[in-house]
Amino acid sequence: MSFISLTFALFFFVFVCLYHLAARFFKDAPLAQRILLLAASLVFYAWADLRFVPFLAYTVAVSYLGGLSFCIGGGYRRLRLFALCAACLAPLLFFKYAPRELHPDIIFPLGLSFFTFQSLSYVADCFKKKVEPELSLLNVALFVSFFPVVSSGPIQRAGNLIPQFKEAHRFDYGSATDGLKLFAWGMFKKLCVADRIAAYVNYVYGSADSQYGSALLLATVLYSFQIYCDFSGYSDMAIGVARYCGFDVGKNFDHPYLAQSVGDFWRRWHISLSSWLRDYVYIPLGGSRVALPRIYFNLLATFLVSGIWHGAGWTFVVWGALHGLYQCAGRAAKPLLEKAKIPAAVKILVTFCLVTFAWIFFRAESLGQAALVVRKIAEVPKCAADFFAMRGEIKTRIKDMFSLNDGSYGYFTGMIVTLLLAFGMCLCELIVGKSKGIEYIKNKHFLFRWVLYLVLCFVIFFCSESGMSGNFIYNGF
C-alpha cells in the first residue's frame, strides 16, 4: 500500500479513529493500541502481496526466539549469534543475490532489506545486552512490522521504538499537525520534484548512446536531486505518519547536500542506515581504534557492504567502493584541509560533485553504461563548441543539446517548471539549513503559516508530474 494513494488515506483515517478511541475507552489502552497497530501493520504489508507475509512472519519468529535465546545461560553465545544472523539474512541473500533463474517469477518482498536490518540489530543488541530480550511476542512483531517504516525505513532500533509501544498514545494536536506538515512536504518533494525529474533522467539514461554529454551531465546532476527528493520525501511521509500516531522514529536526512565533506554527507544522508553500518559493521571490525591501514580497510569494507546491500550488480559495488575511497582520502587529507582554510561554499560544491559522480554508477544499468556516461560527460567542452557552431536561435540549440525537443521529455517549458520547483525546494532547504523545518514554521505568524500551507497544497495539486504515483526508488531495496 503506497502512502500516496486514496487507499492509504482511507486506511489511515479508519486506523487513527480506532487507535485514538482505544486509548480513550479501553482500560489497558497500550495493549489495545498495540493489537490495533499490529493488525494495521499486517493489513498494510499484505496489501502489497499476500505472498510476502510469510517472510515477515519468519523474521518476527527468528527475532523473538533469537532474543529469548540470550536469556538462557550456557556457552556458545557468539556461535548462537552467528547462527541467528545467518537465519535473519537467509531470505535477503536468496532474493537479492541468488541467480535469477532460481526464482524468475518471484517478486522481491517489500521492505525485506529494512526489516531484516531491524531484526539483526535487535538480535545483536540482545547479545550485547544493550536491550533486554522481549518476552512479549506482540512487541517484537510490532517492532519488525511497524507499518510507517516497514517498507523503506527509517531503520529502527529496539531500544528506541519498543518502549514507545508500551505507552498509551492519545490524540495530541501538536503531534498530529506536525505529522501532517511533514507528510505534505514529503509529497511535494516526491511528486513535484522527484517524479518530474525522473521523466527526464529516465529518457536521457535510457538512450545514453545517442545523447550529447551536456544532456547526460544535466541528467546526472538532476538525478542527485531526484534520489534525494524521492527517498527523503518517503522518509518525511513515514516520519509524519508515525508522529501523527505519537511515535518518534528519528530523522533520516539532515540537508545532505550542504555537507562539507563526504564523511559529513554520510552523517546527513540515510542516517538510520549510516548509523546501522557504523554500529554493526564498522565498529565490530575495529572502527577507528586500530592502526591507520586497518582503519582504511574498515572504511572500505563498510562501504562495500553498503553497496552490496543496495544491489547485487557491479555498479553498486563500484558506488560503494568510491564512497569508501572518498572516506579514506578525506581522512588522509584532513590535517591539510584544516590548515588550508577552504571556504565552506567550495567544500560544499566539491562534496556535491564527488557524490554526484558516484551516483552515475548507482543509476546506470551496467558498468558499460556508466563508462559511456562518464566518457560523454568528459566531452562537455566539445559540446560547448558544437553549441556555438550550430545554426538557429538559442532556444532551439538548447533543446538539441539537452534533449528537450518535442516527444523526448516534457518540452522546454516542462524543464523550466521542473528547475523552478527544484530551486524552490533548495531555497527552503537553505533557509532552514541550521534549524528544524517544523520549528521554523511554528515560529512564524499564523497568517504567514497558512499562506505557506495553501501554496504548498496548490503546488502539489497542480504541479505534480504523475498524480497519485506510489513508486519510490528505495522500495526496490
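Refer to the preceding data block for the structure.
Computed from a predicted model, the values in this text were never measured in an experiment. (Residues numbered from 1 in each chain as written. Predicted model: local features only at pLDDT ≥ 70, side-chain atom pairs only at ≥ 80, totals over all residues. Heavy atoms only, no water.)

**Looking at the overall build of the protein**
No. 1: Scanning the protein for helices and strands turns up 20 helices and zero strands.
No. 2: Expected size for 477 residues packed as a compact globule is a radius of gyration near 23 Å; at 24 Å, the protein falls within 12% of this value.
No. 3: The proportion of buried residues among the 477 residues of the protein is 52%.
No. 4: Intrachain contacts of the protein at a sequence separation of at least 6 include 74% that bridge at least 24 residues.
No. 5: Accessible surface, the protein as shown: approximately 22,600 Å² in total, 68% of it carbon and sulfur.
No. 6: Taking the average place of the 44 positive charges on the side chains of the protein and the average place of its 28 negative ones, the gap between the two points comes to 7 Å. (Helix = DSSP H or I, 4+ residues; strand = E, 2+ residues; numbered from the N terminus. Rg over C-alpha atoms; globule rule 2.2 N^0.38 Å. Buried < 20%, exposed > 50% of the residue type's maximum accessible area, 1.4 Å probe, protein only. Contact = heavy atoms within 4.5 Å. Areas by Shrake-Rupley, 256 points an atom, 1.4 Å probe, with all protein chains shown as cover. Lys, Arg positive; Asp, Glu negative; His and termini not counted. Charge placed at Lys NZ, Arg CZ, Asp CG, Glu CD.)

**Points about the state of the cysteines**
No. 1: All chains considered together, the criterion is met by zero disulfides.
No. 2: Here Cys245 is not cross-linked by a disulfide; its sulfur's nearest cysteine counterpart is in Cys17, at 11 Å.
No. 3: On the basis of relative accessibility, which here comes to 3%, the residue Cys245 falls in the buried class. (Disulfide = S-S within 2.5 Å.)

**Concerning the pattern of salt bridges**
No. 1: Going through the model one piece at a time under the given rule, you end up with 11 salt bridges.
No. 2: Close ionic contact of Arg375 with Glu379 constitutes a salt bridge, the shortest N to O distance being 3.4 Å.
No. 3: What emerges from the salt-bridge pattern is a single network uniting Arg157, Arg278 and Asp279. (Salt bridge = Lys/Arg side-chain N within 4 Å of Asp/Glu carboxyl O.)

**Re the nonpolar core**
No. 1: Counting residues in each nonpolar core, the largest one holds 131 residues, and the members touching the most others are Phe8, Phe12, Phe147, Tyr257, Trp269 and Trp359.
No. 2: With 17 residues, the single largest contributor to this core is helix H9 (residues 213-244). (Core = buried A, V, L, I, M, F, W, Y, C linked by side-chain atoms within 4.5 Å.)

**What about the environment of Val281?**
No. 1: Along the polypeptide, Val281 turns up in helix H11 (residues 271-282).
No. 2: For Val281, a relative accessible area of 14% puts it in the buried group.
No. 3: A sequence separation of 26 residues divides Val281 from Gly307, and the C-alpha atoms of the two residues are 13 Å apart.
No. 4: The contacts of Val281, once residues within four sequence positions are left out, are Trp276, Thr302 and Val305.

**What to know about the packing of aromatic side chains**
No. 1: Within the structure shown, the criterion is met by 58 aromatic pairs.
No. 2: Measuring from ring centre to ring centre gives 5.0 Å for Phe55 and Phe95, while their planes differ by 85°; the resulting arrangement is edge-to-face. Taken together, the residues Phe55 in helix H3 (residues 53-69) and Phe95 in helix H4 (residues 77-97) connect sequence positions 40 residues apart.
No. 3: Given a relative accessible area of 4%, Phe95 falls into the buried group. (Phe/Tyr/Trp six-rings, centres within 6.5 Å; stacked < 30°, edge-to-face > 60°.)

**Some thoughts on the environment of Met425**
No. 1: Structurally, Met425 can be placed in helix H18 (residues 411-431).
No. 2: Of the residues examined, Met425 reaches a relative accessible area of 1% and is grouped as buried.
No. 3: Placed 398 residues apart in sequence, Met425 and Lys27 show a C-alpha to C-alpha distance of 46 Å.
No. 4: Excluding anything up to four places from it in sequence, Met425 contacts Trp185, Phe188, Lys189, Val193, Phe225, Tyr228 and Cys229.

**Quick word on the side chain of His323**
No. 1: Structurally, His323 is set in helix H13 (residues 314-340).
No. 2: A polar side-chain atom of His323 sits 2.9 Å from a polar atom in the side chain of Trp266. (Polar contact = N/O pair within 3.5 Å; in protein donor to acceptor, adjacent residues only side chain to side chain.)

**So, the packing of H11 against helix H12 (residues 292-310)**
No. 1: At a closest axis distance of 10 Å, the pairing of H11 and H12 adopts a crossing angle of 125°. Taken together, the axes of H11 and H12 are oblique relative to one another. The way H11 lies across H12 gives a crossing that is right-handed. Contacts between H11 and H12 involve Leu273, Leu277, Val281 and Tyr282 on the former and, on the latter, Ile295, Asn298, Leu299, Thr302, Val305, Ser306, Trp309 and His310. (Axes fitted to C-alpha atoms, helices over the stretch in contact; angles between N-to-C directions. Parallel < 35°, antiparallel > 145°, perpendicular 65-115°, else oblique. Left-handed = near helix turned anticlockwise from the far one by under 90°.)

Geometry only, nothing functional implied.
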